[in-house]
Amino acid sequence: MIKARKIELLAPAKNLECGVEAINHGADAIYIGAPKFSARSAAGNSLDDIKVLAEYAHQYNAKVYVALNTILNEKELHDAETLIWQLYNYAKADALIIQDMGITKLNLPPIPLHASTQMDNRGVEKVKFLEEAGFRQIVLPRELTVDEIRDIASQVNTPLEAFVHGALCVSYSGQCYLSQALSGRSANKGACAQYCRLPYTLMDAEGEEVLSKKHFLSMKDLNLSDNLEELLDAGVSSLKIEGRLKDVTYVKNIVAYYRQKLDIIFAQKPQYMRMSSGRSTYTFEPNPEKSFNRGFTKYFLNERSHNMWSLDSPKSVGEPIGKITEITTKYIKINSTIKINNGDGLCFFNNKKELEGLHVNRVEGDFIYPANIPDIKRSTFVYRNYDHEFEKLLSKKSAERKIVTTIELNEISFGYSLQITDEDDNYAILNFEYDKQAAQKDQTENIKNNLSKTGTTIFKVEQVNINLSESRFIPASVLSEWRRFLIDKLLSVRNIRYRQDIAPFKQTYHPFPVKDITYLENVMNDKALSFYEQHQAAVIQPAFEKQSQKDVPLMFTRHCIKQSLGWCPKEQQEKHPHREPFFLIYNNTKLRLSFNCKDCEMKVFNESSYIE
């Protein structure tokens, strides 16, 4: 018999509302920002909200992971220790996602620790080290190929978590110091200024302009929805959707889309099963193109994707609609099978290749009347980045998640016995003293219909079994009261049976894969320093945020501008006509590019001080 591996669909939550809706729409686990020290400083949440979310999620055996994944100074480390105990004891969080190794040296409750992708877990040796150190889940970099993931998974037993959807940082996570160097806003402290999304001019070593005002460091959004089975077969157990700054309609749509995709796989492959309980039904048809996206890429999953950057704009383009066939001073017509609605937002790339938008006032047949007619030509391709009717659907209740149950009604000597059993084999039994009255006509359907009414509860009664010596009359009001008592007791049983994982973090002393610890390991506090020394490594440089380093790379990217422009020496016979190094320039910011073609890595250096 095949032992099924549990697979987790992990969804982001900006706040309590997003977390609850992610559960409703099919997530197996949620990750949400702590009140402080989250890598999305704009998405912190109160302890009370995390507690409410955990209570809601745990009804479905879904988990809540709290992101506490910034690097910390000495005072913050002390505050973090207090917060972690509150998250475990009061809020009932199921795990912490951390970056700072100093946290492992604190007095911690027995809460599982997950290794954030900010730790830069790109190699087998690093992942094996983290497993031996006691981390219960390890988040892989977005840049890995499926073969690299398979290689890592074949050598560890700890569950591996991989991103499958959402925004992409161009630099390896945890290895980007550009924002800190240019503005003092650290990505490793949750305050990234997103210099990667700016329009730069590419210059060569002789000062010749190669391309002007393009978004060379802005990636399209990840979408691996067609590769989920491939990822599972490679050894991934947690499929992660990015988006802790996204709004609730994004969460609803994307979570529902991936839930449906995964359930199809599970129906065909018994070696995989879902992590949590309940099934979601929807009032809409999920479609990722209708939510914020910069266009989609598979990134490096199957080696290097072409056209992985959002070169012309970092804004959302949405879903492809079609080409303009007619334009007048009042209306436009588009060759498309997609229905355009009043209130839609459309966009197109103008003759400067800049994304420009237009608002649809009204639609009459094939005639689209925008609020204003832009300078646009026939045959221009149009996208829809705001679907008014779709958003209206999602603004209401758009999903319902129910746990399947069976109810059994039996006669006992002094009345009746009711038993309810759910899909996880939890059960509740209640006995009721009641006079048995023979019914004048068969009451089977009436009893079944009444006992099946679960209303707004989390349960759905799929089957009612009635075992009576003869047809009995039980008033509807009595059955309703019994049913409410029964469902309340089952819910109480589920809540009692749910247990947080107990995972005390034990100190280990095995060697860290790197002997000399530089700014790249982001050592911000004495406890982190102690962690590396304990694991036979020497810290020769503290975190960049603690002591800036001169003439060091500020970004490490697998994305290569030369390759994306068709100038890769491994792929092209002819050399490009420009003298290197190349520079990216935006206002007073000047960045130098360095290319390690052997390892397919691009590095970005700050040379802004050289601008006169």
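Residues numbered from 1 in each chain as written. Predicted model: local features only at pLDDT ≥ 70, side-chain atom pairs only at ≥ 80, totals over all residues. Heavy atoms only, no water.

## Observations concerning the overall build of the protein chain
Counting its secondary structure elements, the protein chain contains 13 helices and 30 strands. Relative to the compact-globule value of 25 Å for 612 residues, the protein chain shows a C-alpha radius of gyration of 28 Å, a close match. For the protein chain, the C-alpha atoms occupy an extent of roughly 100 × 70 × 45 Å along the three principal directions. Scored against the burial criterion, the 612 residues of the protein chain give a buried share of 55%. Taking all contacts inside the protein chain whose residues are at least 6 apart in sequence as the whole, residues at least 24 apart take part in 69%. Seen as two clouds, the 78 positive and the 78 negative side-chain charges of the protein chain have centres 1 Å apart. (Helix = DSSP H or I, 4+ residues; strand = E, 2+ residues; numbered from the N terminus. Rg over C-alpha atoms; globule rule 2.2 N^0.38 Å. Buried < 20%, exposed > 50% of the residue type's maximum accessible area, 1.4 Å probe, protein only. Contact = heavy atoms within 4.5 Å. Lys, Arg positive; Asp, Glu negative; His and termini not counted. Charge placed at Lys NZ, Arg CZ, Asp CG, Glu CD.)

## Side note on unusual backbone geometry
Most peptide bonds take the trans configuration, and most residues that are not glycine carry a negative phi. A cis geometry characterises the amide bond from Glu 580 onward to Pro 581, with omega recorded as 10°. Looking at the element boundaries, Pro 581 is found in the loop between α13 (561-564) and β28 (583-586). Here the phi dihedral of Asp 120 falls at roughly 60°; this positive angle occurs in a residue that is not glycine. Summarising the element assignment, Asp 120 is placed in the loop between β5 (113-115) and α4 (124-133).

## Regarding the pairing of strand β2 (residues 29-33)
With five of five residues buried, β2 is to be regarded as a mostly interior element. Both strand β1 (residues 5-13) and β2 contribute to a ladder of four bridges, which runs parallel. Counted as the bridge partner of Leu 10 is Ala 29 from β2. Sheet topology places β2 next to strand β3 (residues 63-68); five bridges connect them, and they run parallel. Each bridged residue has a counterpart across the sheet, and for Ala 29 the counterpart in β3 is Lys 63. In this fold, the crossover linking β2 to β3 by way of helix α2 (residues 47-58) has right-handed handedness. (Pairing = 2+ DSSP bridges. Right-handed = clockwise from strand over helix to strand, strands pointing away.)

## Observations regarding the nonpolar core
When a protein is soluble and globular, its nonpolar side chains tend to lie buried together. By size, the foremost hydrophobic cluster in this structure holds 148 residues, and its most contacted members are Leu 68, Leu 87, Phe 135 and Leu 217. Dropping the residues within four chain positions of it, Phe 135 is found in contact with Ile 98, Met 101, Thr 104, Leu 113, His 114, Ala 115, Met 119, Leu 130, Thr 158 and Phe 505. In terms of nonpolar packing, the next biggest core, distinct from the first, is built from twelve residues, Ile 324, Ile 332, Ile 368 and Val 382 among them. (Core = buried A, V, L, I, M, F, W, Y, C linked by side-chain atoms within 4.5 Å.)

## Side note on the pattern of salt bridges
In total, this model carries 38 salt bridges according to the counting rule given. A salt bridge links Arg 122 to Glu 601; the shortest N-O distance between them is 3.4 Å. Within this pair, whereas Arg 122 is found in the loop between β5 and α4, its partner Glu 601 is found in strand β30 (residues 601-606), the two being separated by 479 residues in sequence. What makes Glu 601 buried here is its relative accessible area of 14%. We note a salt bridge from Glu 326 to Lys 333, for which the minimum N-O separation is 3.9 Å. Taking the relative accessible area as the measure of exposure, Glu 326 reaches 28% and is therefore partly exposed. Overlapping salt bridges, with partners in common, bring together Lys 290, Glu 319, Asp 344, Arg 384 and Asp 387 in one network. (Salt bridge = Lys/Arg side-chain N within 4 Å of Asp/Glu carboxyl O.)

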